[in-house]
Amino acid sequence: MAYNILIVDDSLMARTFIARALEMAGLSLSQLHQATNGQEALDLLQREWVDLVLTDINMPDMNGDELVRRMRATDLLKSIPVVIVSTDCSERRMAEMTAAGVQGYLTKPVTPEDLKATVERLLGKGSQ
Amino acid sequence: MSADNIQTLAGTTIEVLESYAFLLGGPSDAKKGPPPFADPSWLVILAFSGSRAGGVGMVVSPAMARQVAANLAGTEPTQVSDEQARDAAKELLNIVCGKYLHQVGPREALFDFAAPACFVVAREKAVQYAGGKPQATLEVEDHPLLVFIEN
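Model, not experiment: these values are computed from the prediction.

A.B. asks: Give me the lowdown on helix 2 (residues 62–73) of chain B, citing residues and values where you can.
C.D. replies: Quick reminder: α-helices carry 3.6 residues per turn. Residues three or four places apart thus point the same way. Residues and elements named next belong to chain B. Its twelve residues give helix 2 an end-to-end C-alpha distance of 16 Å, which sits within 8% of 16 Å, the value for a rise of 1.5 Å per residue. By the burial criterion, the buried members of helix 2 are Pro-62, Met-64, Ala-65, Val-68, Ala-69, Ala-70, Asn-71 and Leu-72. Just past helix 2, the residue Gly-74 takes up positive phi, approximately 70°.

Now the structure itself:
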């Protein structure tokens, strides 16, 4: 099984870094989608099959909190695992996001090892 | 913000540069001083509110920001656009700020972050902006980097 992953971050360099880290992690990727905010992500999720969402919190137009809430309130999307990838390392924020329904929380700069462990924990081990 | 915090910010910046952008840095040589800033330089600022209000900033040479972007993307600095370099500088400060607040803030602290801003300004104005604020000048692989704390 190869993964379809969506990276949501308003920073192009952050998305590039995460995409590189996923490749370096040796994960089997089928498709890597990108969106610059929560709204773009929701639009993409309506037309593309995605196994996992990696999202930042602070973004313009629609932030990561709202994206998670909307996904959890939508039948089609509520079972898709969401992992936060953020600069915000506060324990309260992590607790808030966990309560909102995210399955993982990684702090930037994320490492290929952390990404691999998180993706495989949530999706199982993929194959080429 | 205590005077110790600038040391924490400087240390965090060095750590993030190494782990995120694969660049080695350290405090500038006190006798020799840092390499000169480019003119114009980039002034990058990030404000936060919540458990504590304030901000952090940095004055960075475009060449160093280009190097950061190139390392993140696995390409050469000559292939990096100004937009990509500015984006890399803002993301760098974003990460530094998150780690810095985690170290200096109380464990239960909660912050809201504004979007980082990057201004192209004359070298003198950039350095002047940081003047009087707690600041540290670093040397990152022959590039100068000034980090400072607001409030």
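Further notes follow.
A.B. asks: Please provide a residue-by-residue account of the interface of chain B and chain A, values included.
C.D. replies: Opposite the 24 residues of chain B that make contact, chain A presents 18 residues. Summing both partners gives a buried area of about 2000 Å² for chain B against chain A, and 57% of it is carried by carbon and sulfur. Where chain B packs against chain A, one counts two salt bridges. The salt bridge partner of Lys-108 of chain A is Glu-91 of chain B, with a shortest N-O separation of 2.7 Å.

A.B. asks: Quick rundown of unusual backbone geometry? Include the residues and the values.
C.D. replies: In this model, Lys-108 of chain A is joined to Pro-109 of chain A through a cis peptide bond whose omega is -5°. Relative to the helices and strands, Pro-109 of chain A resides in the loop between strand 5 (104–107) and helix 5 (112–123). The amide bond that connects Asp-39 of chain B to the next residue, Pro-40 of chain B, takes the cis arrangement and shows omega of 5°. Within the secondary structure, Pro-40 of chain B is located in the loop between strand 1 (25–27) and strand 2 (41–50). Backbone geometry places Phe-22 of chain B, a non-glycine residue, at a positive phi of 55°. Among the secondary structure elements, Phe-22 of chain B is positioned in the loop between helix 1 (4–21) and strand 1.

A.B. asks: Let's hear about the nonpolar core: which residues, and what values?
C.D. replies: Counting 64 residues, the largest nonpolar core has Leu-22 and Leu-54 of chain A together with Leu-145 of chain B as the members making the most contacts within it. The element that contributes the greatest number of residues to this core is helix 3 (residues 82–104) of chain B, accounting for eleven residues. In this structure, Leu-145 of chain B is in contact with Thr-13, Leu-17, Phe-37, Met-58, Val-59, Val-60, Met-64, Ala-136, Thr-137, Leu-138 and Val-140 of chain B, ignoring residues within four places of it in sequence. Core analysis: the second largest hydrophobic core is formed by 23 residues, Leu-6, Val-8, Ala-41 and Leu-42 of chain A among them.

A.B. asks: Give a detailed account of the confidence of the model for chain B, specifying residues and quantitative values.
C.D. replies: Detailed reading of the predicted model is not advised wherever pLDDT is low. Here chain B averages 92 in pLDDT, and 98% of its residues register 70 or above. Predicted complex metrics record ipTM = 0.85 and pTM = 0.90.

What counts, and at which threshold
Residues numbered from 1 in each chain as written. Chains lettered and ligands numbered in written order. Predicted model: local features only at pLDDT ≥ 70, side-chain atom pairs only at ≥ 80, totals over all residues. Heavy atoms only, no water. Helix = DSSP H or I, 4+ residues; strand = E, 2+ residues; numbered from the N terminus. Expected span 1.5 Å × (residues − 1). Buried < 20%, exposed > 50% of the residue type's maximum accessible area, 1.4 Å probe, protein only. Contact = heavy atoms within 4.5 Å. Buried area = accessible area lost by both parts, 1.4 Å probe. Salt bridge = Lys/Arg side-chain N within 4 Å of Asp/Glu carboxyl O. Core = buried A, V, L, I, M, F, W, Y, C linked by side-chain atoms within 4.5 Å. pLDDT = per-residue confidence, 0-100.

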